[in-house]
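Listed below, chain by chain, are the residues.
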Amino acid sequence: MTTAVVRALGALAHEAAHARSGPRCGCPAPAVLADRADGTVVRCGPVVAKAHAAGTDTAALSVRLGMAADPGLAGILLAPLPVPPGAKPEVTAAASPFLTELHGRPVTLWPYGEPVDPGDPDDAPWEEAAALLARLHRTGRRTDRPAPGGSPVPPPMRGPAKAALAVARMRAARPGDPATAPVLAAWRGLPPWARDEAPAPEHRAHGLCHGDLHLGQLVRHPAPHGAWLLIDVDDAGPGDPAWDLARPAAWYAAGLLPPEVWFRFLGAYRAAGGPAVGADGNPWAELDPAARALTVQTAALALAKSAAEHRVPDEVEQVMIDACARIAALPPELAAEHSS
């Protein structure tokens, strides 16, 4: 994070807040909500400004922003806010009313939503997340049809690409380190589509996917007691909707998510007509490849982060690394059984 970027985001969020509410100012000082490699997020009152990662494909992001703003997805995705006219540069990398640029980084504006409280896991909105996913997945079921409202079809969901990037990051952080062996072995056992080396097979379900589902991707809007909505469409697009169930499935398989929570989530998804799995029976034929890929992604990021911070993986990180070792030990015929 740089001071210049944070100041610019705070100023833009402040300007957008007053474009919506008039000139009277009772805004608190801008607050940094997140500062990660994939984005810096600053809030000013009812508006949040996000600087996306340097190198973001702005043409693809522009289409995804249009998708989030589409009335056909109202009540599922949080819609972006238009950038105030005075804050738009004369030339942008992608013509979009929702996208501008600050300090060489693409920037978007959003209404503030109340996030999930990490200190109250018993109140986590697993059922609500599942129902939202089911509604999203039932929208735009095929990649060759227009998105809701006739807007352009977004690029493919980036879930497999993010898994591949995580493995590349681990390799760069720990070249030749034997600690990466079980993660790489589990990675090699995945089908090509889950490693972002081929499209998903046609016989697998296709739908509009979020691409990076976790509880940090839900907010209540209007804050603090509005309906739950999905946020962050940077990875959204057509793909295999099993990917959006894969992270909680991987946590359940690794023992990090209690069985009762997993079955609540899965049951709510099925009750809402989600197409990623059958309406009953064993869901793992559909979920297994993506769940294994998310296990690898999580373990790879854990090894990369712990190397950068000059520490050993913590207990939770080690659980996912150990899960990769179990995946890698599966007989090839068993690993391949549910991979296509």
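Summarised in this report is the structure supplied together with it.

Cut-offs and rules
- Here the residue numbering is sequential within each chain, running from 1 through the sequence in written order.
- Confidence filtering applies because this is a predicted model: local features only for residues at pLDDT of at least 70, side-chain atom pairs given and counted only at 80 or more, and all residues used for totals across whole chains, interfaces and linings.
- Side-chain metrics in this entry use all non-hydrogen atoms of the structure; hydrogen atoms and water are not considered.
- The axes used here are C-alpha line fits, helices contributing only the stretch in contact, and every angle between their N-to-C directions lies in the interval 0 to 180 degrees.
- Helix and strand assignments follow DSSP, with helices taken as H or I runs no shorter than four residues and strands as E runs no shorter than two, numbered in order from the N terminus.
- Two helices crossing with the near one rotated counterclockwise from the far one by less than a right angle form a left-handed crossing, whereas a clockwise rotation gives a right-handed crossing.
- Any two residues whose heavy atoms approach within 4.5 Å are treated as being in contact.
- Burial classification: accessible surface area is computed with a 1.4 Å probe over protein chains only, and a residue below 20% of its type maximum counts as buried, one above 50% as exposed, and the rest as partly exposed.
- By salt bridge we mean one thing: a side-chain nitrogen of Lys or Arg within 4 Å of a carboxyl oxygen of Asp or Glu.
- By the convention used here, strands pair only if DSSP detects at least 2 bridges between them.
- The directions considered for the arc are those from the helix axis to the C-beta atoms.
- By nonpolar core we mean a set of buried residues, namely Ala, Val, Leu, Ile, Met, Phe, Trp, Tyr and Cys, connected to one another through side-chain atoms within 4.5 Å.

What follows covers the packing of helix α3 (residues 126-137) against helix α7 (residues 259-271). Between two packed helices, what matters for the description is the angle formed by their axes and the separation of those axes. At a closest axis distance of 8 Å, the pairing of α3 and α7 adopts a crossing angle of 35 degrees. For the element pair α3 and α7, the recorded crossing hand is right-handed. Residues Trp 126, Glu 127, Ala 129, Ala 130, Leu 133, Ala 134 and His 137 of α3 pack against Val 261, Arg 264, Phe 265, Ala 268 and Tyr 269 of α7.

What follows covers the environment of Ser 62. Inspection of the secondary structure puts Ser 62 in helix α2 (residues 58-69). The class for Ser 62 is buried, based on a relative accessible area of 14%. Taking C-alpha positions, Ser 62 is 10.0 Å from Pro 106, a pair spaced 44 residues apart along the chain.

With the rule as written, the count across this model stands at 13 salt bridges. Notably, a salt bridge pairs Arg 174 with Asp 177, separated by 2.8 Å at the nearest N-O pair. We note a salt bridge from Asp 288 to Arg 292, for which the minimum N-O separation is 2.9 Å. Of this pair, Asp 288 and Arg 292 are both found in helix α8 (residues 284-308), four residues apart, which corresponds to roughly one turn of the helix. For Arg 292, a relative accessible area of 4% puts it in the buried group. Residues participating in the shared-partner salt-bridge network are Arg 158, Lys 162, Asp 212, Asp 235 and Arg 247.

In this section: the sheet that holds strand β8 (residues 218-221). With antiparallel pairing, the three strands of this open sheet are ordered in space as β6-β8-β9. Here the strands that pair on one side only, and so sit at the sheet edges, are β6 (114-115) and β9 (227-230).

Taken as a whole, helix α5 (residues 181-188) has its buried residues at Val 183, Leu 184, Ala 186 and Trp 187. One side of α5 holds all its buried residues, which, seen down the axis, span an arc of 160 degrees. In this fold, the buried residues of α5 make contact with α4 (159-173), α8 and α9 (315-328).

By size, the foremost hydrophobic cluster in this structure holds 45 residues, and its most contacted members are Leu 77, Leu 218, Leu 230, Leu 245, Phe 265 and Tyr 269. Secondary-structure elements contributing two or more residues to this core are α2, α3, β8, β9, α6 (242-254), α7 and α8. Apart from the residues lying within four places of it in its own chain, the contact partners of Tyr 269 are Ala 130, Leu 133, Ala 134, His 137, Pro 241, Leu 245, Gly 274, Pro 275, Ala 276 and Val 277. Counting residues in hydrophobic clusters, the runner-up holds 29 residues, among them Leu 294, Ala 299, Met 320 and Ile 327.

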